[in-house]
Amino acid sequence: LGLIGGSIARAVRHFHPDTEIVVHSRTRASVEQAVKDGVADRIAERIGPDFSDCSYIFLCAPVSSNAAYLEELRTLINPGCIISDVGSTKGDIHAKVEALDMEDCFIGGHPMAGSEKTGYENSTDHLLENAYYMITPPEGAPKENVERLVAVAKAVSAIPMVLSCGEHDLAV
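Residues numbered from 1 in each chain as written. Predicted model: local features only at pLDDT ≥ 70, side-chain atom pairs only at ≥ 80, totals over all residues. Heavy atoms only, no water.

Thoughts on the packing of helix α3 (residues 63-74) against helix α4 (residues 91-99)
1) Next: Remark: α3 packs on α4, axes separated minimally by 9 Å, with the N-to-C direction vectors making an angle of 20°. Judged by the inter-axis angle, α3 sits roughly parallel to α4. Like other packed secondary-structure pairs, α3 and α4 cross with a definite hand, here right-handed. On α4, the residues that touch Asn66, Ala67, Leu70 and Glu71 of α3 are Ile93, Lys96 and Val97.
2) Next: Looking at the contact of α3 with α4 residue by residue, the classes come out as 4 nonpolar, 1 polar and 2 charged. (Axes fitted to C-alpha atoms, helices over the stretch in contact; angles between N-to-C directions. Helix = DSSP H or I, 4+ residues; strand = E, 2+ residues; numbered from the N terminus. Parallel < 35°, antiparallel > 145°, perpendicular 65-115°, else oblique. Left-handed = near helix turned anticlockwise from the far one by under 90°. Contact = heavy atoms within 4.5 Å. Nonpolar A, V, L, I, M, F, W, Y, C, P; charged D, E, K, R; others polar.)

As structure tokens, this is what we get:
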């Protein structure tokens, strides 16, 4: 729950205050602060049953860690849940999605936003405002899932752009 994850959570809370937000992080202080700030409703102590009721899961860890989370979440999520990431490269995670046969529930994402500052403490509810939000669905992803993630990007005032993971990685 750093700069981008915190900003997504803050924007969702700002624009959709009734949304239940569950957070998990290796850094205990950031998730505790998110609950204290009213940004998050509760903390998931581990990757486990807390995620089985989620409609969306955003993987905001370093790119090298996100693929490992996919394996853990694969058996926990409910039908209709969309897992997305915010990583700056897409090739590796899309390869993992394909290997795990998770094209029906994964839609890659990359908000083109940031700051010279890092961490949850520097996140804002407007960091994504008017920022391009790259959305990279895998081949075979249900169209309605792509549309749902596009709607989430719009809901936090970002500008969604749908492109392949290869096009993303070439451009970025």
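Considering the confidence of the model for the protein chain
Interpreting fine coordinate detail is not advised for predicted regions of low pLDDT.
1) Next: Residue-level pLDDT values for the protein chain average 94, and 100% of them are 70 or greater.
2) Next: For the protein chain, helix α6 (residues 165-171) is the element with the lowest average pLDDT, namely 89, and strand β7 (residues 159-162) is the one with the highest, namely 98. (pLDDT = per-residue confidence, 0-100.)

Let's talk about the pattern of salt bridges
Should the charged atoms of two oppositely charged side chains come close, the side chains can pair.
1) Next: With the rule as written, the count across this model stands at 9 salt bridges.
2) Next: A salt bridge links Asp37 to Arg10; its shortest N-O distance comes to 3.4 Å. Here Asp37 is found in the loop between α2 (28-36) and β2 (42-43), whereas its partner Arg10 is found in helix α1 (residues 3-15), with 27 residues between them in sequence.
3) Next: On the accessibility criterion, Asp37 (36% relative accessible area) is partly exposed.
4) Next: A salt bridge links Arg28 to Glu32; the shortest N-O distance between them is 2.7 Å. A residue pair is termed a helical-turn pair when its members lie 3 or 4 positions apart in one helix, as Arg28 and Glu32 do in helix α2 at 4 residues.
5) Next: In this structure Arg28 comes out as partly exposed when scored by relative accessible area, which is 36%.
6) Next: Take Glu32: its relative accessible area is 40%, and that puts it in the partly exposed class.
7) Next: Through salt bridges that share partners, Glu20, Arg42 and Asp50 make up one connected network. (Salt bridge = Lys/Arg side-chain N within 4 Å of Asp/Glu carboxyl O. Buried < 20%, exposed > 50% of the residue type's maximum accessible area, 1.4 Å probe, protein only.)

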